[in-house]
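Each chain, letter by letter, is given below.
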Amino acid sequence: MQRRQFLRNAGATLAVASTAGLVACARQPLAPTSKAGTLVSPPIAGTPGMVELAPIRAQTDRITGVYVCTRPFRAAGPRIETQRLGEKTIVHNYGHGGSGWSLSWGSSMLALRMAQDTGVHKLGVIGCGALGLTSALLAQRAGMSVCIYAKALPPDVYSMRASGLWTPDSRICDAQHAPDFGARWETMARTSYGMYQTLLGLPGRPIEWIDGYSLSDTPFNQPQPPEVSDEPDYGEFRDRVRDLTPRTIDMPAGSHPFHQPYVHRYTTMMFNISTYARMLMTDFLTAGGKIEVREFDHPHELLKLPERTLINATGYGARALFNDNSIIPVRGQTARLIPQPEVTYGISSEHISMVPRSDGLLVQAFGDTGNFNNSDVTPNRAVSEAAVLQLASLVSRTRKS
Ligand SMILES: Cc1cc2nc3c(=O)[nH]c(=O)nc-3n(C[C@H](O)[C@H](O)[C@H](O)COP(=O)(O)OP(=O)(O)OC[C@H]3O[C@@H](n4cnc5c(N)ncnc54)[C@H](O)[C@@H]3O)c2cc1C
């Protein structure tokens, strides 16, 4: 999410909650930790009308890892189409920008239909990220026998480095191409959303709904100075599926523990990617799927595979493999803090976000430049440390007991 998107999402307040409503939605915190270094003390327990939130331990020495990957962005949107290659049919399913997990099931459903049109019962899937796994599983469920070929498997694929939120229109196409892509995007978003609802409440909580708080020093609807950005204007489609997600709620002073004057509560889907990817892999293998670790340097190498139809879900890798320079790498970096199971809410501001994943609190900086068309995946720890310190500062003045 960028600053612009933060403001857009946070500004989408459609309802004002009564204090009673807020209390009803508040989660029960676990007993607050009292260990040294806790930067946020618990809010006043029992303050009438106050939502109670477990303290976040935002400290740089709690960073367990800094992860970088490139979003496979295409100005026209993802490439989902067939191509003949000798006697094979290749169904491309790549180029999902910052929305790969969110759109995966819907996009892979479109790719599967194209594969089914070739009449085969054996399918090869190239790639084992979000798009490869969902393509393979959908094909199995449609009765196909499937082999995944990939140079790397989870956890060593870029998909594992995503934030893990329902962000179906994040860097998915540029504004110019949005009118052509909108209807297809909506189909993909609705299909994916429906599939995700069937994955709730499972052991390890691969998918869950969470609340989060947008914090701001200025009113969300106040005109902002133009954003300094070296990225294009992206297509925005969220209004097309506004009915799928709960409305953002304006939190009046006194109903939340934050010191910022403007606070919204949002409710969103979160993917606990470690558990979720493991579940997808296990489901695929349990249903008889095969996996072969293999790297392809040229499309002609695909001709040697036994399957006549292949789904190409190589993500950013398609740029080199299919010489597709329409894929632009958009670099992104996250840091993970030691998991805090008691922190069940997210935070976002103009400058940072925190996602409360089960494998660690994920912290990301917004608004930095130099990421567009940048394929450098070297982590910059200083940037992540600065983001963690910003998070610490955001929550440090949270009301104390
Ligand atoms: C910082 C960041 C945060 C993000 N947050 C979110 C989010 O919150 N929600 C969301 O929906 N999306 C998010 N995304 C976007 C999401 O991560 C991507 O859209 C998604 O991971 C793309 O998945 P993929 O399966 O196409 O590619 P990948 O995960 O890269 O998988 C590609 C697969 O193909 C294989 N492969 C590649 N080339 C070859 C080759 N030549 N031969 C053999 N195998 C090959 C790879 O080994 C791998 O198995 C985020 C991205 C970034 C960078």
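See the structure above.
The notes below deal with the structure included here. (Residues numbered from 1 in each chain as written. Predicted model: local features only at pLDDT ≥ 70, side-chain atom pairs only at ≥ 80, totals over all residues. Heavy atoms only, no water.)

As for its placement among the helices and strands, Thr-167 is situated in the loop between strand 6 (145-150) and helix 5 (178-197). For Thr-167, the residues in contact, after removing those within four places along its chain, are Gly-98, Ser-99, Ser-102 and Arg-238. (Helix = DSSP H or I, 4+ residues; strand = E, 2+ residues; numbered from the N terminus. Contact = heavy atoms within 4.5 Å.)

Right, let's talk about the nonpolar core for a bit. Counting residues in each nonpolar core, the largest one holds 54 residues, and the members touching the most others are Trp-101, Trp-105, Tyr-196, Phe-271 and Tyr-276. Every element with two or more residues in this core is listed here: helix 3 (100-116), strand 5 (122-126), helix 4 (130-141), strand 6, helix 5, strand 9 (262-271) and helix 6 (273-286). (Core = buried A, V, L, I, M, F, W, Y, C linked by side-chain atoms within 4.5 Å. Buried < 20%, exposed > 50% of the residue type's maximum accessible area, 1.4 Å probe, protein only.)

Before going further, it helps to examine the sheet that holds strand 11 (residues 309-312). Pairing is mixed across the open sheet formed by six strands, whose spatial order is 3-4-11-5-6-10. In this open sheet, the two strands that pair with only one neighbour each are strand 3 (79-85) and strand 10 (290-293). Within the sheet, the average angular offset between the axes of one strand and its neighbour, ignoring direction, is 20 degrees. Sitting on the sheet, helix 6 touches strand 6 and strand 10, and the angle it makes with strand 10 is about 115 degrees. (Pairing = 2+ DSSP bridges. Axes fitted to C-alpha atoms, helices over the stretch in contact; angles between N-to-C directions.)

Looking now at the pairing of strand 13 (residues 345-348). Taking every second residue as pointing to the same face, both faces of strand 13 are buried, with Tyr-345 and Ile-347 on one and Gly-346 and Ser-348 on the other. As paired elements, strand 7 (residues 207-216) and strand 13 share four bridges and run parallel to each other. Of the residues in strand 13, the one forming a bridge with Asp-211 is Tyr-345. Pairing of strand 13 with strand 14 (residues 352-357), which is carried by two bridges, proceeds in the antiparallel orientation. By the bridge assignment, Ile-347 is partnered in strand 14 with Met-354.

What follows concerns the environment of Gly-360. Position of Gly-360 relative to the elements: it lies in strand 15 (residues 360-365). For Gly-360, the residues in contact, after removing those within four places along its chain, are Leu-337, Ile-338, Pro-339 and Val-355.

Attention shifts here to the site of the ligand. Neighbouring the ligand are 34 residues; Cys-69, Gly-97, Ser-102, Ser-159 and Phe-296 lie closest to it. In this structure, an oxygen atom belonging to the ligand sits 3.0 Å away from a main-chain N or O atom of Gly-100. Cys-128 places a polar main-chain atom, nitrogen or oxygen, 2.9 Å from an oxygen atom of the ligand. When isolated, the ligand has an accessible area of 1,000 Å², and the protein chains bury 95% of it. Those elements giving two or more residues to the shell around the ligand turn out to be strand 2 (63-74), helix 3 and helix 4. (Near = heavy atom within 4 Å. Polar contact = N/O pair within 3.5 Å; in protein donor to acceptor, adjacent residues only side chain to side chain. Areas by Shrake-Rupley, 256 points an atom, 1.4 Å probe, with all protein chains shown as cover.)

A separate point is the pattern of salt bridges. Counted according to the given criterion, the structure contains 14 salt bridges. In this structure, Asp-324 engages Arg-74 in a salt bridge whose closest nitrogen and oxygen atoms are separated by 3.7 Å. Of the two residues, Asp-324 is situated in the loop between helix 7 (317-321) and strand 12 (327-337) and Arg-74 in strand 2; the sequence distance between them amounts to 250 residues. The same class applies to Asp-324 and to Arg-74, which are both buried. (Salt bridge = Lys/Arg side-chain N within 4 Å of Asp/Glu carboxyl O.)

On to the packing of aromatic side chains. Here a ring pair, both rings aromatic, is described through the centre-centre distance and the interplanar angle of the planes. Under the counting rule described, the total for this entry stands at 13 aromatic pairs. Members of the aromatic cluster, each reached through a chain of ring pairs, are Trp-101, Tyr-196, Phe-271 and Tyr-276. One residue, Arg-336, lies across the ring of Tyr-67, its end atom 4.4 Å from the ring centre. (Phe/Tyr/Trp six-rings, centres within 6.5 Å; stacked < 30°, edge-to-face > 60°. Lys NZ or Arg CZ within 6 Å of the ring centre and 35° of its normal.)

Let us look at the pairing of strand 9. Burial of strand 9 is extensive: nine of the 10 residues sit out of reach of the surface. Relative to strand 9, strand 7 runs antiparallel, the two being bridged by 10 bridges. In the sheet register, Ile-210 faces strand 9, and the bridge partner there is Thr-268.

Below, the discussion takes up the packing of helix 3 against helix 4. Packed helix pairs are specified by the crossing angle of their axes together with the interaxial distance, meaning the distance between the axes. Orientation of helix 3 relative to helix 4, taken along the N-to-C sense of each, is 45 degrees, at an axis distance of 8 Å. For the element pair helix 3 / helix 4, the angle class is oblique. The crossing of helix 3 and helix 4 is right-handed. Between helix 3, through Gly-100, Trp-101, Ser-104, Trp-105, Ser-107, Ser-108, Met-109 and Leu-112, and helix 4, the contact on the second element is made entirely by Ala-130, Leu-131, Thr-134, Ser-135, Leu-137, Leu-138, Ala-139 and Arg-141. Of the residues in the contact of helix 3 with helix 4, the class split is nine nonpolar, six polar and one charged. (Parallel < 35°, antiparallel > 145°, perpendicular 65-115°, else oblique. Left-handed = near helix turned anticlockwise from the far one by under 90°. Nonpolar A, V, L, I, M, F, W, Y, C, P; charged D, E, K, R; others polar.)

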